[in-house]
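Commentary on secondary and tertiary structure
This is what each chain is made of:
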Amino acid sequence: MSGLRVVVLVVPRATWAPPGREPDEWRLAMAEDTYEVLAGLDLVEAAVAVVGGDDVAVERVAGVTWPGTQVFAVERAFDAVDQVGEAESVVLVAHDAPDLPGLLIGKLFRALGPADAAVCPASDGSLVAIGVKVPVADWLRDLAPGPDTTLAELDAAKPRRLAVGLAPGWHRLRALADIARLDPGLEGWDATRAFLSGRH
């Protein structure tokens, strides 16, 4: 992957689901839709990092990706940066943003241009995505940020006078109330839509 820009879908352990639904299936539905957004981007390579996953978890997540996609297990989201090869920049993307506009990832790469890191903030204070340049700056490696790092934590860790690039924000589906943010009129997020309608 030398010289490439790489986007990595970060899939954590399943933690919640809408009432009466299975958390792992919910996690996979959201991951499938977010992956489809990333895999459809031009001029980037898509990979998937399963956080804390065993071989079975990796295999299940790999089942919703396109053939040839690199899918691997990591202990922490940030470890994925070292797993994707010799990329010039890597963007870690939260799995729970199934309706994410691909355009925001392009804007994130542009925001990364003059900075060590750039973020697409989530409405709850976490990160929809974080991009880093490779080789990774020491302060970023020490912090090892991922989607659940808050923007405040990132700002506190960065060296003084260093700017972190900022792309437009979006939302994540981290609680039941967040589902209301999905726009039924928008195309995409088919697996999540099917799951919520009981057709998954």
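Worth saying up front: this structure is predicted, and the values here are computed from it rather than measured.

**Re the sheet that holds strand β6 (residues 127-133)**
One open sheet holds the 7 strands; their spatial order is β3-β2-β1-β4-β6-β5-β7, and the pairing between them is mixed. Two strands bound the open sheet, and with one partner strand each, they are β3 (70-74) and β7 (165-166). The pairing of strand β2 (residues 44-51) with β3 spans 5 bridges and is parallel. In the strand pairing of β3, Ala47 is matched with Gln70. The sheet strands contacting helix α2 (residues 55-62) are β1 (5-11), β2 and β3, and the helix crosses β3 at an angle near 150 degrees.

**Quick look at the nonpolar core**
Counting 33 residues, the largest nonpolar core has Val7 and Ile105 as its most contacted members. Elements with a minimum of two residues in this core: β1, α1 (23-39), β2, α2, β4 (89-94), α3 (102-112), β5 (117-121) and β6. Apart from residues lying up to four places away in sequence, Ile105 is in contact with Val7, Leu38, Leu41, Val93, Leu100 and Ala129. Ranked by size, the runner-up nonpolar core spans 28 residues in total, among them Ala49, Ala80, Leu127 and Val136.

**Quick look at α3**
All of the buried residues in α3 are Leu104, Ile105, Leu108, Phe109, Ala111 and Leu112. Within α3, the buried residues cover an arc of 160 degrees as seen down the axis, which keeps them to one side. Away from its buried face by more than 90 degrees, α3 exposes Leu103 and Arg110.

**Quick word on the pairing of β1**
In terms of burial, β1 is a largely internal element, 6 of the 7 residues being buried. Pairing geometry for β1 and β2, over 7 bridges, is parallel. Its bridge partner being in β2, Val8 is matched across the sheet by Ala47. Each parallel crossover has a hand, and the one from β1 via α1 to β2 is right-handed. Looking at chain direction, β1 and β4 are connected through 6 bridges and run parallel. Bridged to Val10 within β4 is Ala94.

**A closer look at α1**
Because the α-helix completes a turn every 3.6 residues, residues three or four places apart line up on one side. Taking 1.5 Å of rise per residue, the 17 residues of α1 would be expected to cover 24 Å, and the 24 Å separating its terminal C-alpha atoms lies within 8% of that figure. Most of α1 sits inside the fold, with 13 of its 17 residues counted as buried. Where α1 begins, the capping side chain belongs to Glu22, and its oxygen is found 2.9 Å from the backbone nitrogen of Asp24.

Parameters and conventions
Residues numbered from 1 in each chain as written. Predicted model: local features only at pLDDT ≥ 70, side-chain atom pairs only at ≥ 80, totals over all residues. Heavy atoms only, no water. Pairing = 2+ DSSP bridges. Helix = DSSP H or I, 4+ residues; strand = E, 2+ residues; numbered from the N terminus. Contact = heavy atoms within 4.5 Å. Axes fitted to C-alpha atoms, helices over the stretch in contact; angles between N-to-C directions. Core = buried A, V, L, I, M, F, W, Y, C linked by side-chain atoms within 4.5 Å. Buried < 20%, exposed > 50% of the residue type's maximum accessible area, 1.4 Å probe, protein only. Arc of directions from axis to C-beta. Right-handed = clockwise from strand over helix to strand, strands pointing away. Expected span 1.5 Å × (residues − 1). Polar contact = N/O pair within 3.5 Å; in protein donor to acceptor, adjacent residues only side chain to side chain.

Geometric descriptors of this kind do not, in isolation, establish any biological role.
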